[in-house]
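# Structure assessment
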Amino acid sequence: MLYNNENYIGNHIDNVWFSQQIPPASSEAPNFTLTKHVVGLTEDDLQLLSGKLTFTVQKSADGSFTDPETVMTYTATNLGSWTPNGDGSWTLSARISMKDQAPGYYYRIEESYAELHGFKLTATDTNDAVQLQSTTVAAFTFTNTYADTGRALKLTKIVNAPDTTGSFTFTVSYTDAGGNLQKSVILKNDESTTITGIPRGASVTVTETTTDGYTVIMKDPSTGTVLAGSSSYTFTMNDDTAVDIYNTSTVALPETGGIGRGIFLYAGIALMLTAVITGCLLRRKYGKEGD
């Protein structure tokens, strides 16, 4: 069955529906129309929001709603499909039948779980309580405006060297609405810093400028994946990001993969044995000649 370009499975005659979305409510009174406007989100963001954005129809014996009773609950996904608008905003509209609800009581629709990570939310609504009658047709409108607050970049320095007391300088550069930005960061071994407010989608470059005597590898701390085998790493800032920067001294380290002291010990023993053998051979040679 097809309705509003959405596929449904059910019995049309008995008005039985099986779908993630609620069936379209009859225009017969009483009913509520819920209209939701969203500004500032991409389609991907909107899908994340839809699964958790929740609307509850609440009931109260009077208009104070001091102790409301929830009679129906819907997520935005249940209510239908979003329609894109020419200004980049989105609209979702659904009719909710109130035929099964008790008349004489007061009803309203409440929105919850509208927050989205990385965004500042400004919400407005038209949500005055309505006393339900058999002829009631009421409209509830919600508008959420989302402003991107940026993402966070965490940098951690890890040094593998005989002396780990040095300081290391980085530049973090990216472009935002104000133009190209560059921040300077200084870290010591096991130190971390977090840069916030980086626009999502920005191209970010992390560069270590003090690398003399070190090889540099940058890794994802959560997976150990090597992000860059050099002192510079460029990526797109899609979400909060963490980078571990490993500096390893190019001077060989004893007991940790360097040549260590063993080779010198063995070389000394070899020289001593050579000297003893040579002495014995000389004594035998000249001893026989003396005979």
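The chain has the name DUF5979 domain-containing protein in an unreviewed UniProt entry, where Brotocaccenecus cirricatena is given as its organism.

### A short note on the overall build of the chain
Across its full length, the chain holds 3 helices and 22 strands. For the chain, the proportion of its 291 residues judged to be buried stands at 32%. Sequence-distant contacts, at least 24 apart, represent 68% of the contacts inside the chain between residues at least 6 apart.

### Thoughts on the sheet that holds strand β20 (residues 226-228)
Ordered in space as β17-β14-β22-β19-β20, the 5 strands form an open sheet in which the pairing is mixed. On the outer flanks of this sheet lie β17 (192-198) and β20, each paired with one strand and no other. Between one strand and the next, the sheet's axes are offset by a mean angle of 30 degrees, whatever the strand orientation. With 5 bridges connecting them, strand β14 (residues 151-160) and β17 associate as antiparallel partners. Along β17, the bridge assignment pairs K154 with T194.

### Some thoughts on the packing of aromatic side chains
Counted under the stated rule, the structure contains 5 aromatic pairs. Centroid distance Y233 to F235: 5.0 Å. Interplanar angle 20 degrees. Geometry classified as stacked. In this pair, the class of Y233 matches that of F235, namely buried. Sitting over the face of the ring of F119, R151 holds its NZ or CZ atom 5.3 Å from the ring centroid. When the ring centre of Y246 is taken as reference, the NZ or CZ atom of K219 above it lies at 4.8 Å.

### Overview of the sheet that holds strand β16 (residues 179-188)
What the 4 strands build is an open sheet, ordered β16-β15-β18-β21; its pairing is antiparallel. Only two strands of the sheet have a single neighbouring strand rather than two, namely β16 and β21 (232-236). Strand-to-strand twist in this sheet, taken as the mean axis angle between neighbours without regard to direction, amounts to 15 degrees. Two strands pair when backbone bridges link them, and strand β15 (residues 167-176) and β16 are joined in this way by 10 bridges, in the antiparallel orientation. Across the sheet, residue V172 finds its bridge partner in β16, namely K183.

### Focus: unusual backbone geometry
The step from A29 to P30 runs through a cis peptide bond, and the omega angle for that step is 0 degrees. With respect to the helices and strands, the residue P30 is situated in the loop between β4 (16-18) and β5 (31-39). Notably, Y113 is not glycine yet its phi reads approximately 60 degrees, a positive angle. Backbone geometry places D190, a non-glycine residue, at a positive phi of 70 degrees. Topologically, D190 is positioned in the loop between β16 and β17.

### Some details on the nonpolar core
Formed by 30 residues in total, the largest nonpolar core has its most connected members in F32 and I109. Secondary structure elements with two or more residues in this core: β5, α1 (43-50), β6 (54-60), β7 (69-75), α2 (76-79), β9 (90-97), β10 (106-112) and β13 (137-148). Beyond its immediate sequence surroundings of up to four residues, F32 is in contact with A94, R95, I96, M98, Y107, I109, V130, L132, T136, A138 and F140. In this structure, V159, I195, A228 and M237 belong to the second largest nonpolar core, which totals 23 residues.

### Quick look at the environment of D62
Within the secondary structure layout, D62 lies in the loop between β6 and β7. In this structure D62 comes out as partly exposed when scored by relative accessible area, which is 38%. Residues D62 and V130, spaced 68 residues apart in sequence, show a C-alpha to C-alpha distance of 9.8 Å.

### Thoughts on the confidence of the model for the chain
Overall, the predicted model of the chain reaches an average pLDDT of 84, with 77% of residues at or above 70. Here β4 stands out as the least confident element of the chain, with mean pLDDT 41; β5 is the most confident, with 97.

### Brief notes about the pattern of salt bridges
If you walk through the whole model with that rule in mind, you get 7 salt bridges. In this structure, E111 and K36 form a salt bridge, with 2.3 Å as the shortest nitrogen-oxygen distance. With E111 in strand β10 and K36 in strand β5, this pair connects stretches of sequence that are 75 residues apart. The partner of R108 in a salt bridge is E110, with the nearest N and O atoms 3.8 Å apart. According to the relative accessible area criterion, E110 is partly exposed, its value standing at 29%. One network of salt bridges, with partners in common, ties together D148, R151 and D239.

### Digging into the pairing of β15
Both β15 and strand β18 (residues 203-208) contribute to a ladder of 4 bridges, which runs antiparallel. Residue S173 lies in a different strand from β18, and its bridge partner there is T205.

Conventions used here
Residues numbered from 1 in each chain as written. Predicted model: local features only at pLDDT ≥ 70, side-chain atom pairs only at ≥ 80, totals over all residues. Heavy atoms only, no water. Helix = DSSP H or I, 4+ residues; strand = E, 2+ residues; numbered from the N terminus. Buried < 20%, exposed > 50% of the residue type's maximum accessible area, 1.4 Å probe, protein only. Contact = heavy atoms within 4.5 Å. Pairing = 2+ DSSP bridges. Axes fitted to C-alpha atoms, helices over the stretch in contact; angles between N-to-C directions. Phe/Tyr/Trp six-rings, centres within 6.5 Å; stacked < 30°, edge-to-face > 60°. Lys NZ or Arg CZ within 6 Å of the ring centre and 35° of its normal. Core = buried A, V, L, I, M, F, W, Y, C linked by side-chain atoms within 4.5 Å. pLDDT = per-residue confidence, 0-100. Salt bridge = Lys/Arg side-chain N within 4 Å of Asp/Glu carboxyl O.

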